[in-house]
Each structure stands twice: as C-alpha cells, then as structure tokens.
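Coordinate analysis (summary)
Residues per chain, in single letters:
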Amino acid sequence: MDDDDLASSYRWEQTVSAWDSEIREDDSGNIIATQYGDQHRIHKAKERRVTESVRRGLIRYLVLAIDCSVSAAEKDYRPNRLSVIKSVLEDFILHFFDQNPISQISMTQIYDRVSEKLTDLSGNPKAHIQRLRQVLTTEGLASLQNALIQAIDILQHIPDYGHRELLIIYNSLSSTDPGNIDNTIDMAVKNKIRVSIVCLSAEIYICKKITEKTGGTFSVATDASHLIEILKTLVPPSPETSSFASSGKTEFVYMGFPRRVLDVNENYGFDGKHPSLGSAFYICPRCFTKTTDIPTQCCSCTLQLNFSSHIARSHHHIFPVPNFEEVVLDSIGTGVNVGPKLDVNINNALISPGQNEVICCGCSETIKNEDICFVCPTGGGSYCIECDLFIHDNLHNCSCCDL
Ligand SMILES: [Zn+2]
Ligand SMILES: [Zn+2]
Ligand SMILES: [Zn+2]
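Residues numbered from 1 in each chain as written. Chains lettered and ligands numbered in written order. Predicted model: local features only at pLDDT ≥ 70, side-chain atom pairs only at ≥ 80, totals over all residues.

Looking at the overall build of the chain
Along its length, the chain carries twelve helices and 20 strands. For the chain, buried positions account for 33% of its 403 residues. Of the contacts formed within the chain by residues at least 6 apart in sequence, a portion of 63% connects residues at least 24 apart. (Helix = DSSP H or I, 4+ residues; strand = E, 2+ residues; numbered from the N terminus. Buried ≥ 20, exposed ≤ 12 C-beta atoms within 10 Å, placed from the backbone. Contact = placed C-beta atoms within 7 Å.)

Structural notes on unusual backbone geometry
At the junction of Arg78 and Pro79, the peptide bond is cis and its omega measures out at -5° in the coordinates. With respect to the helices and strands, Pro79 occurs in the loop between strand E3 (60-67) and helix H4 (81-99). Backbone torsion omega between Ile294 and Pro295 reads 5°, so that peptide bond is classified as cis. Its place among the elements puts Pro295 in the loop between strand E12 (290-291) and strand E13 (296-297). A positive phi angle, near 55°, is found at Lys192, a position not held by glycine. Considering the arrangement of structural elements, one finds Lys192 in the loop between helix H7 (181-190) and strand E7 (193-199). Within the chain, Phe288 stands out as a residue other than glycine whose phi angle is a positive 60°. The class for Phe288 is exposed, based on 11 C-beta atoms found within 10 Å.

Describing the nonpolar core
Ranked by internal contacts, the top residues of the largest apolar core, which has 48 residues, are Ala65 and Ile168. With nine residues, H4 is the single largest residue contributor to this core. Leave out the neighbours within four places in its chain, and Ala65 touches Thr108, Ile110, Ser115, Ala147, Ala151, Leu166 and Ile168. With 17 residues, the next largest nonpolar core counts Phe324, Phe374, Tyr383 and Cys384 among its residues. (Core = buried A, V, L, I, M, F, W, Y, C linked by C-beta atoms within 7 Å.)

Examining the environment of Ala73
As for its placement among the helices and strands, Ala73 is situated in the loop between E3 and H4. Sequence separation between Ala73 and Leu136 is 63 residues; the distance between their C-alpha atoms is 9.8 Å. In this structure, Ala73 is in contact with Asn80, Leu82 and Thr138, ignoring residues within four places of it in sequence.

Re the sheet that holds E7
In space, the six strands of this open sheet follow the order E5-E4-E3-E6-E7-E8, with mixed pairing throughout. The strands lining the two open edges of the sheet, one partner per strand, are strand E5 (114-122) and strand E8 (218-220). Averaged over all neighbouring strand pairs, the angle between strand axes comes to 15°, with direction disregarded. The pairing of E3 with strand E6 (residues 163-170) spans seven bridges and is parallel. When the bridges of E6 are listed, Arg60 appears paired with His163. Strands in contact with helix H8 (residues 205-214) are E6, E7 and E8; relative to E7, the strand with the most contacts, it is inclined by about 150°. (Pairing = 2+ DSSP bridges. Axes fitted to C-alpha atoms, helices over the stretch in contact; angles between N-to-C directions.)

Written out as structure tokens, the structure reads:
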C-alpha cells in the first residue's frame, strides 16, 4: 500500500475536516457528497455484500441478549451505552424482519448475574421494539453462562428446519457465572446454537472462545456507527456450516397465506397474542382466527402466516444479485475498466452518440462523466451509485436481468 492509499484510508490523519472534504455544492446550489464520500460508502457497502449462492438458514430463530449490567451505564458512548444499544437495536430489529420476514426474535436482558426474558419468540417487530424502549435496568454484574442457559432453554424446542442463533451485546469486561461455562458452551454446540457476540468494551477471551466453538462471529465495536455496521453484517442469514446443517432430509413447513377482510363494524381479533379491536384483519386459512399483522404465527393453531412476497424476499438470500463492475466514464462516454476483468459494454442503447453521459437503468438520472458508473455483469445495465446500493441492500432484484 503506498502513501496515497494510506492517506485516504485513515481519515484522522487528514488535516481537512469531513465537512470540507466530503460536502460541496453542485451547479444549482444543492449540497452533494463528493467522490471521497461515495468511495467510502461503496467500500463499506461492498465489504458486507455476499454474492455467492450458498445454503443458508432462512427461517431463523434469534435470541437477542442485552447486557444491562452496571457497565451499560458507562458514558463512553453518548449519552450512555444502554441508550445507544437501544436505538441501534431498534433499527436492527426493523431491518432484520425486513430481510428475514419469516424469522422470529426473542429478547433477554442480562443483569445482576441473572438472565431475564423480555419478549417471547415472535415475528412481530412492534412488540419487540415497544418492550425494548421500556428497558432501563443498569445494575449488578453480567453472567454469560446464564445468558447461554436461557437461550438454550428458548431455542432447544425449535424444529430442525429452524436456524438457532444467539446474539449477545456485551458491555462488561468479565462474567460472573454460577458454574463451569465450558459445559454450557458444549450444550450450546450440541443444540446447534450459533452464538455471535458484539463487545462494546474490549476483546474478551471467553467471548471469543464461545463464538469460535459455536460458529458465530465476534466483534468489538469502537463507536456507535461501528456498532451499526457490525449489526448490519448480521442481518443476512449466515451460510450453514456442515456441523450446523440440518439433518440432510427435506422437511416441509406448513405455511398459510391469509386473506385480508374488512368488516363494517369493529370486532375482536389478535395483535400478536393480545386481543385487539379493529375492522381490518387477516384470516388464518386453517382455523379462521383473525390477526392484525402478518408475518406472524397464528395464535390459536400456530400456523405460520405469510404473504408470498415474504417468501420471495427470503429467497433472495440464496440467489443474490451479482456485484456490479465499477466503470469510470471518460470524456467521450465509453467505459474504461477500473475493476477486475470486464467483459461487458456499457449499455450502448442508453448512450446517445456524441454525449458523454449514461442514463441510469434504475432511476433514469444522468450519470456524468466524472462519476462512477456500475455495470451489471449479466444484463449489462448501467447504474448510479445510489441505485447500486439500493438494489444490493434492499431490492435484491436487478431491473436489467429480471424484467
Ligand atoms: Zn390458525
Ligand atoms: Zn440511479
Ligand atoms: Zn442485471
């Protein structure tokens, strides 16, 4: 790596502020981010992008354990660690259900050497977020072993097709356990629970050991934005490793696709597991119970209720959109390859002769010659950076390939 690369990778080594280097005005006076800001975003987005087709656990059962011991009140994250964790987890929960609509989450909190369940396993993000906002405890010491035992308790009855996961957000530097934690780690491995831990303080030996043994990931967040980045990497389902793969045979999972009905008068149905009054409900096709929101599990017959679009959205994790090739437009409007070997032309139909610009296939905005253009390797469509990020992070469909 030469000096220039180093200068651009460490922003704290630069003398100019982020405001001066990344923000400028365009011809009409609008504030836009400059190339450096774009490069930084591209780099970040690509780092967490997975494009190969591998077997993944699509129906995930995730226990989210939050360390609410006295360390959660530390003020190195502003205003304190617990507040930052709560706001970051709210986004994580929404993003998780957006990308994994047929999965379920249960939340627990670790404080005063015990682990307490906050919410039951459910696919209703509203219920989790409401309960998360009420968490205010910051007392006592944390116990990793109790957190593991409770997660095993919650997840051990999950059927074989479900992917069992535990994510611990850990603030403490130590763990105060009632017994030998190694036995509990072995139990977690036996129950095929993949444990991932994010530490907010420092790298801790036992945390790393747990994640290595169970096939999860271990990370240390340096600040709030780093914590957000780490959690984003945990949103797509992780590939199944051979030791964690479900027992070779194919299992059928019952799912219901409910009808939405509107009543003239208000009547009772269910919102999660609680009764609720309303006039618009989804009706379970098996037992005709009314429920307000899907995806969810029918509260009387436990049938998983989904839209077909939810299944389609989970399916995208198995067949991801390929990474687009980076191309810099030169002054005559033809592509100059800057990425690895590129064997596609820029979508010629969209380049007007004699013009040095390309029209984005996504938003129909003009990509000017100083901007980077992204070209789909299969369909050959050209995209601006915004559309590239949107296609890979949210849409999971390339308009030039699928339409
Ligand atoms: Zn039902
Ligand atoms: Zn675009
Ligand atoms: Zn395409």
